[in-house]
Amino acid sequence: DEEGYWFWKVDGKGKRVWSKMFPATEQDEIIALSHIGPDSWMALGQRFVDSGGYTPFIQSIDANGNVGQAIMLDAFGISHAFLLLADGSLLIAGSAEKDRSSTGNGSGGTGYDGWLLKAGASGKILWQKWIDKGADEAIFAVLQAPDAGFICLANSGKLDKFGSGI
């Protein structure tokens, strides 16, 4: 059996218009999809790396299901959701190990912190933030607020206010 991604499009009545499978390694998985133009989409994926952990990537998909070159981001974290912004940048939400990140940040210790990453359209990381309440946290959804900030939906092992981090 071949590993890979499967993209398909159905019409308004559920009839398949096209279906495409693209080879990938066992270490790759697709997480989310977002509309970026009249007939184009952006997929968020993540790749398990040999040193342990995941690194996110983005990939475009055109109207015929053709996939563009993957853009790997220089970061470690488990991606759960992403948001494409009006300026072409993107925000990835998820969780990251407390004791590890590509920039040496994180709260230290064991377990996971909530994680936000903002990257430019080229994949260059603009900033990363970790949210720690002293337990395992993960951000599962993110929306842009009217003030250009972000609203995040997260799970945490503690129900008090957010502690260190943002």
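Placed above this text is the structure.
Analysis parameters
- Numbering of residues begins from 1 in every chain and follows the order in which that chain's sequence is written.
- pLDDT decides what is reported in this predicted model: residues at 70 or higher carry local features, side-chain atom pairs at 80 or more are listed and counted, and totals for whole chains, interfaces and linings draw on all residues regardless.
- In computing side-chain properties, one takes all heavy atoms of the structure into account and sets aside hydrogens as well as water.
- The classification of residues rests on relative accessible area computed with a 1.4 Å probe and restricted to protein chains. Under 20% of the type maximum is buried, over 50% is exposed, and intermediate values are partly exposed.
- Put simply, DSSP marks the helices as runs of H or I at least four residues long and the strands as runs of E at least two long, and each gets a number from the N terminus on.
- At least two bridges found by DSSP between two strands are what make those strands a pair.
- Axis definition: a line fitted to C-alpha atoms, over the contacting stretch in the case of helices. Angles run 0 to 180 degrees between N-to-C directions.

Novice: I would appreciate a short explanation of the pairing of strand β8 (residues 90-97) in the present structure.
Specialist: Look at any regular strand and the pattern is simple: side chains alternate between the two faces of the sheet. Burial of β8 is extensive: 7 of the 8 residues sit out of reach of the surface. Across 6 bridges, strand β7 (residues 78-84) lies against β8 in antiparallel orientation. Bridge pairing in β8 places F82 opposite I92. Counting the residues in the hairpin turn of β7 and β8 gives 5 residues, including G88, whose phi is positive at 95°. Where β8 and strand β9 (residues 112-119) come together, 8 bridges link them in antiparallel fashion. When the sheet's bridge partners are listed, L91 is paired in β9 with K118.

Novice: Looking at this structure, how should I read the sheet that holds β8?
Specialist: Strand pairs in the sheet, formed through backbone hydrogen bonds, run parallel or antiparallel to each other. With antiparallel pairing, 4 strands are arranged side by side in an open sheet as β7-β8-β9-β10. Strands at the two margins of the open sheet, each flanked by one partner only, are β7 and β10 (125-131). Taking each pair of neighbouring strands and ignoring which way they run, the sheet shows an average axis angle of 20°.

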